[in-house]
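Descriptive structure summary
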Amino acid sequence: MDAERGSVRSFPSGARRPAAPAAGGRRTEPPRTEPPRADPPRTGTPRSGSRRPPTHLPRSRRPLPGTPVTDTTSPWILMYHSVAVEKEDPYQLTVSPERFAEQIAWLHRRGWRGVSVRELMRARAAGRADKLVGLTFDDGYADFARYAVPILQAYGFAATAYVVADLLGRANDWDTEGPRKTLLTVQEVTDLAAAGWEIGSHGLGHRALAGLPADVLAAQTRESRRVLEDAVGGPVTGFCYPYGAVDQAATQAVRDAGYDYACAIAHSPLTGRYALPRCYVGDRDGAWRLRAKRGRHRLRDTVADLRQRLAEPENRPGAR
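Let us look at the structure shown here. (Residues numbered from 1 in each chain as written. Predicted model: local features only at pLDDT ≥ 70, side-chain atom pairs only at ≥ 80, totals over all residues. Heavy atoms only, no water.)

Some remarks on the overall build of the chain
To keep it simple, the criterion reads: Secondary structure elements follow DSSP: runs of H or I no shorter than four residues count as helices, runs of E no shorter than two count as strands, and numbering proceeds from the N terminus. Exposure classes here rest on a 1.4 Å probe applied to the protein chains alone. A residue is buried below 20% of its type maximum, exposed above 50%, and partly exposed in between. The contact rule is simple, with two residues in contact once any of their heavy atoms fall within 4.5 Å. Residue exposure ignores everything except the shown protein chains as possible cover, and the areas themselves are Shrake-Rupley values with a 1.4 Å probe.
Along the backbone of the chain there are 7 helices and 10 strands. Across the 320 residues in the chain, those meeting the buried criterion constitute 51%. Residue pairs in contact within the chain that sit at least 24 positions apart in sequence constitute 71% of those at least 6 positions apart. Carbon and sulfur atoms provide 50% of the accessible area of the chain, an area that totals close to 14,900 Å².

Considering the packing of aromatic side chains
Where we set the bar: Two rings from Phe, Tyr or Trp (for Trp, the six-membered ring) form a pair when their centres are within 6.5 Å of each other. A pair whose planes differ by under 30 degrees is stacked, one over 60 is edge-to-face, and the rest are tilted.
Per the counting criterion, the structure on display carries 9 aromatic pairs. Each ring, one from tryptophan 76 and one from tryptophan 112, has its centre 5.0 Å from the other, and the planes form 65°; the classification is edge-to-face. Separated by 36 residues along the polypeptide, tryptophan 76 in the segment before strand 1 (77-80) and tryptophan 112 in the loop between helix 1 (97-109) and strand 4 (113-115) bring together distant segments of the chain. Relative accessible area serves as the criterion here: at 12%, tryptophan 112 is assigned to the buried category. Centre to centre, the rings of phenylalanine 100 and phenylalanine 137 are 5.9 Å apart; their planes meet at 70°, and the pair counts as edge-to-face. Of the two residues, phenylalanine 100 is situated in helix 1 and phenylalanine 137 in strand 5 (residues 132-137); the sequence distance between them amounts to 37 residues. Three or more aromatic residues joined by ring pairs form one cluster here, namely Tyr80, Phe100, Phe137, Phe144 and Trp197.

Some thoughts on the pattern of salt bridges
What counts is decided by this rule: The salt bridge criterion pairs a side-chain nitrogen of Lys or Arg with a carboxyl oxygen of Asp or Glu, the two atoms within 4 Å.
Applying the stated criterion to the full structure yields 11 salt bridges. Between glutamate 86 and lysine 181 there is a salt bridge whose closest N-O contact spans 2.8 Å. Placement of the pair is glutamate 86 in the loop between strand 2 (82-83) and strand 3 (94-95) and lysine 181 in the loop between strand 6 (160-163) and helix 4 (186-194), with a sequence separation of 95 residues. Three or more residues are tied together by salt bridges with common partners; here these are Glu223, Arg226 and Asp230.

Looking at the pairing of strand 5
The test is simple: Strand pairing is assigned whenever DSSP identifies at least 2 bridges connecting the two strands. When the strands point away from the viewer and the connection leading from the first strand across the helix to the second strand turns clockwise, the crossover is called right-handed.
Of all the 6 residues making up strand 5, 6 are buried; the element is thus mostly covered by neighbouring parts of the structure. Of the two faces of strand 5, both are covered, the one formed by Leu132, Gly134 and Thr136 as well as the one formed by Val133, Leu135 and Phe137. The pairing of strand 1 with strand 5 spans 4 bridges and is parallel. Looking at the pairing, tyrosine 80 lines up with phenylalanine 137 of strand 5. With 3 bridges connecting them, strand 4 and strand 5 associate as parallel partners. Bridge pairing in strand 5 places valine 115 opposite glycine 134. As for the winding sense of the linkage, the β-α-β connection from strand 4 through helix 2 (residues 117-125) to strand 5 is right-handed. The sheet contact formed by strand 5 and strand 6 spans 2 bridges and is parallel. Paired with phenylalanine 137 across the two strands is alanine 161, which belongs to strand 6. You can see the chain leave strand 5, run along helix 3 (residues 143-154) and come back into strand 6, and the turn it takes is right-handed.

Listed below in structure tokens is the structure:
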């Protein structure tokens with residue numbers, strides 16, 4: 001679900017997703033050869049040695065300051081959706097548990113530590129984000145708790161799950177061609193948050209925000225935050241744009257709703273704290289493809305920074 005792969009879903013017109021590139025990369029031995037058991041998400045803390053946070057935290061009452069990231073580059077954030085076994089996956093949203101374990105093992109061997117975007121942004125602000133990679137899971141599929149969490153725990157990694165506030169416990173009905181996947185329930189979201197996993201908002205009903213009127217944008221951002229804060233007993237400070245669809249009005253609505261950051265997909269003129277670019281990860285992504293995506297992310301950062309500098313008045317051609 002990023003610019004290089006096109007839209008993974010057909011929300012406007014039913015357009016099909018472009019075919020993925022050929023498989024590549026050397027498979028490594030995953031820490032487990034079989035998917036973990038279907039245990040409930042009371043899986044403890046995302047990192048070994050960390051304390052279980054209180055189940056009820058002070059609720060955020062006012063918007064958080066939107067301090068811009070001072071670094072000219074954007075953090076490396078990987079975008080997952082579902083970790084499961086599917087015979088058909090037309091939108092290429094699913095990564096098998098075995099392949100996911102290989103990808104996480106590769107990050108670990110390379111010295112990276114997977115963290116939530118919340119932790120990544122805090123570390124970045126403090127100048128301590130070196131070798132941290134954000135791990136995100138869009139849509140809030142129930143298989144996040146069943147398959148992804150145990151594998152992440154085995155490496156001391158953490159992640160962010162972006163859930164659709166009005167569809168908890170239901171299914172991904174917005175995917176017209178894909179397999180029906182169960183979404184996390186309210187209780188599962190509550191348990192995950194209590195165990196230390198970041199829960200972020202993915203809107204109310206998985207609706208693309210770009211082009212919506214101001215009142216609808218306000219409801220999608222503010223109401224989804226309120227619903228999720230009631231569920232987790234604490235502040236929800238991260239937002240993720242459904243379909244990656246974002247415009248200036250959407251970023252402003254997210255900021256006004258009190259979120260601390262928001263994830264998009266592609267690099268764009270809006271790239272920044274409220275439109276963080278991410279790298280799509282699919283089941284065909286082995287070691288060499290992950291390395292290539294890391295390099296491409298850095299290249300796009302460089303190009304985006306150059307364009308931004310050229311757009312500044314003092315750097316325009318003919319400026320004195």
